[in-house]
Every structure is written in C-alpha cells, then in structure tokens.
Amino acid sequence: SYPFNSRRDIVIAGGKDFGFKDGDVVTFGDKVLVGKISSVFNSSSIVKTIFDADWQMAVRVGIHEVDGLFKGGSNPAITLIPRGADIKIGDMVISSSPEFSYGLEVGIVKDINDVSNAPFKEASVDLGVQLWQLKDVKVHN
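Notes on the structure in this doc start here. Given the structure is predicted, the values throughout are model-derived calculations rather than measurements. (Residues numbered from 1 in each chain as written. Predicted model: local features only at pLDDT ≥ 70, side-chain atom pairs only at ≥ 80, totals over all residues. Heavy atoms only, no water.)

In terms of helices and strands, the chain carries zero helices and 11 strands. Listing every helix and strand of the chain by position from the N terminus yields β-β-β-β-β-β-β-β-β-β-β. Over its C-alpha atoms the chain spans a radius of gyration of 16 Å, differing by no more than 12% from the 14 Å that the globule rule assigns to 141 residues. Taking the principal axes of the C-alpha coordinates as reference, the chain spans close to 50 × 30 × 20 Å. With 141 residues in all, the chain has 42% of them scored as buried. (Helix = DSSP H or I, 4+ residues; strand = E, 2+ residues; numbered from the N terminus. Rg over C-alpha atoms; globule rule 2.2 N^0.38 Å. Buried < 20%, exposed > 50% of the residue type's maximum accessible area, 1.4 Å probe, protein only.)

Printed below as a string of structure tokens:
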C-alpha cells in the first residue's frame, strides 16, 4: 500500500522479523527495480521508490550501455547522456549504481530530447513497473 500523500513511499509487510534492514533493495519479480528500504519496523518496512522526485542513480542505456543519470518522480528521465551517444526509443535502462546489483531493469527510453546546442541529451523513461501493479515484491538482503 502507499498510504502517504505521494507515490514516493510504499509500505511492505515484512521487517526486522524477516531480517530486512535499511538499504535493502526491493524489486518486482527478480529484475525490475522498485526502490530500497528506508525504514524498518518489526513487521513492516517503508520503501523509498523510484517514483520519488529526489531519487537519483547511475544507469546504463541500450546495447552500447551509455552512461546516464536517472532521476525519478512523476516524469522519470535520464540526464547527462553524452551528445554523441547512440541511444534509441525503446532502449532498456538498467542500474549501474554501486548500491544496487548491476543490471536491474529500470524501464525503457520513451522519448529523447536532443537540444542542438546543449552539451548533453536527456531522455524520458517508461518505468518497468507501476505502483498499481505491485502486489508482491522481493527484498534482496
């Protein structure tokens, strides 16, 4: 459930009683990144999700694994993509931040914003999961 006013946090049933701790990674299935645990209680935990506008992490895009910075929120995007980088709409976005397992699926490139005089391109992202889809998540501890 996400009982808060925003979609940035969700509550999961499981906490210290399952050995969960702050920073544990939460996925949908085995590979789709949802977020990480930010607070743990005896029988529940709060998960900060990639839907949080403050969420940032290193990612790689497409078959050439182009580096970028993923920013979460209601309009998730990748910034700091080198201008000459070969990325396309539909390319997979995966985690490359040291705090997560390499290659967790974040989403796919939805649109590319390539301003001619800007040093970097940006891309909007369709996330690999939506909150309404979540019934079961996996905690990697």
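Time to look at the pattern of salt bridges. With the rule as written, the count across this model stands at nine salt bridges. A salt bridge links lysine 138 to aspartate 30, with the shortest nitrogen-to-oxygen separation between them at 2.7 Å. Pair noted here: lysine 138 is in strand S11 (residues 138–140) and aspartate 30 is in the loop between strand S2 (25–28) and strand S3 (32–40), with a separation of 108 residues, a long-range link. One salt bridge in this structure joins aspartate 91 and lysine 88, with 4.0 Å as the shortest N-O distance. The class of aspartate 91 is buried, set by a relative accessible area of 10%. Three or more residues are tied together by salt bridges with common partners; here these are Arg8, Asp9, Lys48 and Asp52. (Salt bridge = Lys/Arg side-chain N within 4 Å of Asp/Glu carboxyl O.)

Before going further, it helps to spend a moment on the side chain of serine 95. Position of serine 95 among the secondary structure elements: in strand S8 (residues 92–95). According to the relative accessible area criterion, serine 95 is buried, its value standing at 0%. Look past the residues within four positions of serine 95 in its chain and what remains in contact with it is Met57, Ala58, Val59, Phe100, Ser101, Tyr102, Gly103, Leu104 and Val106. (Contact = heavy atoms within 4.5 Å.)

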